[in-house]
Amino acid sequence: MSNPLTQLANLGQSIWWDDIRRSYLVSGELKRLVEDGILGLTSNPSIFEKGISSSCDYDDAIQALVNIGKTTEEIYSALTIEDIGAAADVLRPVYQRTNGRDGYVSIEVSPLLANDTAGTITEAKQLFRFINRPNVMIKVPATPAGIPAIRELIGSGINVNATLIFSLEMYEQVMEAYLAGLELLAASGGQLDRVASVASFFVSRVDTLVDKMLDERIACAASQDDKARLRALQGKAAMANAKLAYARFKKVFSQPRFAALKDKGAQVQRPLWASTSTKNKNYRDVMYVEGLIGADTVNTAPPNTIAAFKDHGTVAATLEQDIDQARALMGQLAVVGVNIDAVTQKLLDDGVRTFTDSYRALLKIIQDKRARLLVLGRQAATLGDLAARVSAAIGELDRQQVATRLWSKDATLWKQDEKAQVEIHNRLGWLDSTKAFQARCDELDAFVAEVKAAGFTHALLLGMGGSSMAPELFRSTFGVEPGCLDVRVLDTTDPASILAAEQAIDLPRTLFIVASKSGGTIEVMSFFKYFMDKMRRVKGAAAGENFCAITDPGSSLEKLAAGTGESRFAPPFRRTFLNPPDIGGRYSAISYFGLAPAALLGIDVRQLLGRAVEMAAACAPGASCQQNPGLWLGAVMGAAHAAGRDKLTFALSPQLAAFGYWVEQLVAESTGKEDQGILPIEGEPIGEPSVYGNDRLFVHIKLEGDTTHDRAMQALEAAGQPVITLRLRDRYDLGGEFLRWGIATITASAMMRINPLDQPNVQSAKENTKLVLMEYVDTGCLPETMAILPESFGARVGAFLQRVRPGVYIALMVYAQRTPEHDALLTQIRTLLRDRFHVATTVGYGPRFLHSTGQLHKGGADNGLFVQITTNPAKDVPIPGEKYSFGVLIAAQALGDMQALQTRGRQAIRLYIPGQVKKGLEQLAHVLAEE
């Protein structure tokens, strides 16, 4: 049986393959196609998009390019140039056999340059030079900007595929550009026989649009006869348009102007019929091949159309048939209100937009793959007996399409209750905040410049929980850039800490950042009252110049900052940053709550956001959960929790130590509810494998080059403990970690069937505190409560610790000033407890931990032993406008928390250290060491 493709060639028409992907090249499929009669190949961004997104063909190549530091655009160029070059090599024998008539492979300049003549010329010349094959054609769109580019490129001896031609007028301009280009080439002494061009005239899209317009007219037609006449015009415009174009081709290339160029070796610029797959299922599937067969033409068709034509296509010279009918049809369309010029202009506009969208989508796919591979290349895990559980969890997450549902903010991932779903959906704005805040960097720059110019040298952030954790992390991790504001964080009601914060700043030159999502947090408003009172003494009514606010729209703090609140402490603030209200507090690092203080410190917020965007791309849908850094980490956390390994233990490079405070709140407050939870263990020294039970999952987060915990982690892995290792290139990678850990936490929460975006048990301690304060205001005394004095530590603490059992954790809750000395002693105490009982330990300073692990203490599993440590302030500090002091407030908070624990039936004791806290902690450490 004769080959239809060969029969077409005998009639002067070449069939080109409109598709490319690496598998064709690697498997030898393209070579087989050439042997079967394919004489060329075309590509475009849409084709590359499908090839890269729908297969793993390019993953190894992308990984190699990522490893050598290539950008997204560089990866795209490398992939396409490599494929086009390889395809050109396969088709080179055809090129040689046909003396340069066929054997071409087309590659398109960036569609973003469709309206940029100079940019098109520059990129086309670069592509032609880089690929360095004589049988490569550069595709240039036939836009007003593309026409002069075609002329220039032909004049430079570069093969051109003029694409996206729909109208006869634009086709005339393309042919003129080709001829003018040949004349330029001849004038410069170039070889005309070495340059070739095709004019890609798009076909089926004309019918698609015209048929739609006719359908609209059919629907409004007055009679059945009118409807029938309109239907008779359908499915004919595309072929008529192409046949009229071919007639013009014949006329132009039969004139003396071309004859003179032909004598110098020039080829005709062949019409290439593009978009020849049938879109309407009611039409014959090969109609745009069968109806457009003629000499000196090319038909580029996708694989399914070529296969159909080989199976049942009819070969005959049809292109010059029915020319008069084609002209008549155009007149009939005009009569019924179908303006073919308007049709073709819209198709050109749509074509440019479609290819531009595909190009951007392709870059996004590569960007996501690049980001994913970058992150995956910096993470590792030895999961031991968790491996099978994690594998099953990943499979289930894939089956439930969690990646797609998460990014679409599908609240059913966590809860089926409609009320809870509304709350969840309205708290997932942080998923999109990275790109949104990239657009606000100029605003932050301007604010920093303003406060510097105003003479500010210090800033004190007055916050609590989610509003203070990220700023403290930034201050501890990055420090203060020279010439920038020394930003400090106050998030404790301990009187000594408040006085220390005041002494560390230059009051008149300090910017106070009042940060509260709700605007009514008791600690934050108490701080504000204290420091506003101080500033009013210094600056009077102008005190507000030293204050700015970060809050949600409509909050009481917004009104206060505007000077419209009811408080007498309310001169208007210098500035108010209104944060997107759909970002929950502990997820707010990439928002004004974190970024404004970061900018004041001199941190490059653009770079920080860039790393977050990179992580967002890595965690985007499009790959399995195994290849999604955030979902994978969440799957491990969730599987570990299900296996009883619910103590998420962190080993951090020293420079990253403060990240532990931030992630502690995120994980504890998000997962500690409904009698379950994942307990983050930060700050506990890493010990020998023998001191741990089987309830741990270790996470080693390290900066490149840091070896602090390497040997300890290797020992844990060798002992069978599960260890995750995450390597950060530098501190700015924390921008990505905010997002990774947010996604991991809500993923683990989905596996646990809990709502990660509420904190139902935090309120109980707040209400108890409020009641204690009311009693104090009424009586002048705090309620009496049982407390253990240092002289009784030995017997009472020893008896309490007899309740320790496997899987328990011991929480030290300290209502005192945080100092290096206290930190060191508490670390000693927790290490003694861990090594003696082989249980996990935590340390939290009150009241800050109430907005962090405090939720898990009350709402999580009943597996904690709670040791509350309180003291009396050496010097108390009043709260202006209130009948209680900071000393009373922190005491009330400690009492309120203890009552909340007892109400929940938790096992807790209260240690009271009068006088110096350091001595009391030393005595407690001594008691534990002696036992």
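Just above, that's the structure.
Reading the values: the criteria
- The numbers attached to residues start from 1 for each chain and follow its sequence in the written order.
- Note on the predicted model: pLDDT of at least 70 is required for a residue's local features to be given, and 80 or more for side-chain atom pairs to be given and counted; whole-chain, interface and lining totals, by contrast, use all residues.
- With hydrogens and water stripped out, all remaining heavy atoms of the structure feed into the side-chain values.
- Runs of E in the DSSP output that reach at least two residues are strands. Runs of H or I that reach at least four are helices, and both are numbered from the N terminus.
- Per-residue accessibility, obtained with a 1.4 Å probe over protein chains only, is compared with the maximum for each type, and a residue is labelled buried under 20%, exposed over 50%, and partly exposed between these values.
- Only heavy atoms matter for contacts: two residues are in contact if any of them lie within 4.5 Å across the pair.
- Per-residue accessibility takes into account occlusion by the displayed protein chains alone, with areas from the Shrake-Rupley method and a 1.4 Å probe.
- By the counting scheme adopted, Arg and Lys are positive, Glu and Asp are negative, and His together with the chain ends is not counted.
- For the purpose of locating charges, the reference atoms are NZ of Lys, CZ of Arg, CG of Asp and CD of Glu.
- By definition here, a salt bridge exists when the distance from a side-chain nitrogen of Lys or Arg to a carboxyl oxygen of Asp or Glu is within 4 Å.
- Any two strands are treated as partners once DSSP identifies two or more bridges connecting them.
- Angular values range over 0 to 180 degrees, each being the angle between N-to-C directions of two axes fitted as lines to C-alpha atoms, with helices fitted over their stretch in contact.
- Polar contact is defined as a pair of N or O atoms within 3.5 Å, subject to the rule that within protein one atom must be able to donate a hydrogen and the other to accept it, and that residues adjacent in sequence are counted only when both atoms are side-chain atoms.
- An angle below 35 degrees is read as roughly parallel, one above 145 as roughly antiparallel, one from 65 to 115 as roughly perpendicular, and any other as oblique.
- Crossing handedness is read from the near helix: turned anticlockwise from the far helix by less than a right angle, it gives a left-handed crossing, and turned clockwise, a right-handed one.
- Amino acids outside the nonpolar list (Ala, Val, Leu, Ile, Met, Phe, Trp, Tyr, Cys, Pro) and the charged list (Asp, Glu, Lys, Arg) are all regarded as polar, and Gly is one of them.

A separate point is the overall build of the chain. Within the chain, the secondary structure is distributed over 38 helices and 22 strands. Referenced to the eigenvectors of the C-alpha coordinate spread, the extents of the chain come out at roughly 110 × 65 × 65 Å. Counting only residues that meet the buried cut, the chain has 60% of its 931 residues in that class. Long-range contacts, defined here as pairs at least 24 residues apart, represent 81% of the contacts in the chain between residues at least 6 apart. Carbon together with sulfur atoms contributes 50% to the accessible area of the chain, which is approximately 35,400 Å² in total. Charged side chains in the chain number 98 positive and 103 negative. The centres of these two groups are separated by 1 Å.

To continue, consider the pattern of salt bridges. Under the criterion given, the structure shown has 57 salt bridges. Across the salt bridge formed by Arg378 and Asp733, the nearest N and O atoms sit 3.9 Å from each other. On the criterion of sequence distance, the pair formed by Arg378 in the loop between helix 17 (340-376) and strand 9 (379-382) and Asp733 in the loop between strand 18 (723-728) and helix 32 (734-752) is long-range, its members being 355 residues apart. The class of Arg378 is buried, set by a relative accessible area of 11%. Put simply, Arg378, Arg611, Glu614, Arg729, Asp730 and Asp733 are held in one network by salt bridges that share partners.

Taken together, 5 strands build an open sheet; the order of strands is 9-18-17-15-16 and the sheet is mixed. Strands with a single pairing partner mark the edges of an open sheet, and in this sheet they are strand 9 and strand 16 (679-681). This sheet shows a mean twist of 20 degrees between the axes of neighbouring strands, independent of strand direction.

What follows concerns the side chain of Asp211. Along the polypeptide, Asp211 turns up in helix 10 (residues 204-220). Among buried Asp, Glu, Lys and Arg side chains, Asp211 stands out as unpaired, with Lys236 the closest opposite charge at 10 Å. For Asp211, the side chain forms a polar contact with the side chain of Tyr283, separated by 2.5 Å. The contact partners of Asp211, leaving out residues within four places of it in the chain, are Gln234, Gly235, Asn280 and Tyr283.

With that settled, consider the packing of helix 23 (residues 466-478) against helix 27 (residues 592-601). Here helix 23 crosses helix 27 at 25 degrees, and the two axes come no closer than 8 Å. Taken as axis vectors, helix 23 and helix 27 run roughly parallel relative to one another. Considering only the axes of helix 23 and helix 27, their crossing is right-handed. Contact with helix 23, carried on its side by Ser467, Ala470, Pro471, Phe474 and Arg475, involves Phe593, Gly594, Pro597, Ala598 and Leu601 of helix 27 and no other residues of that element. Its residues placed into classes, the contact of helix 23 with helix 27 shows 7 nonpolar, 2 polar and 1 charged.

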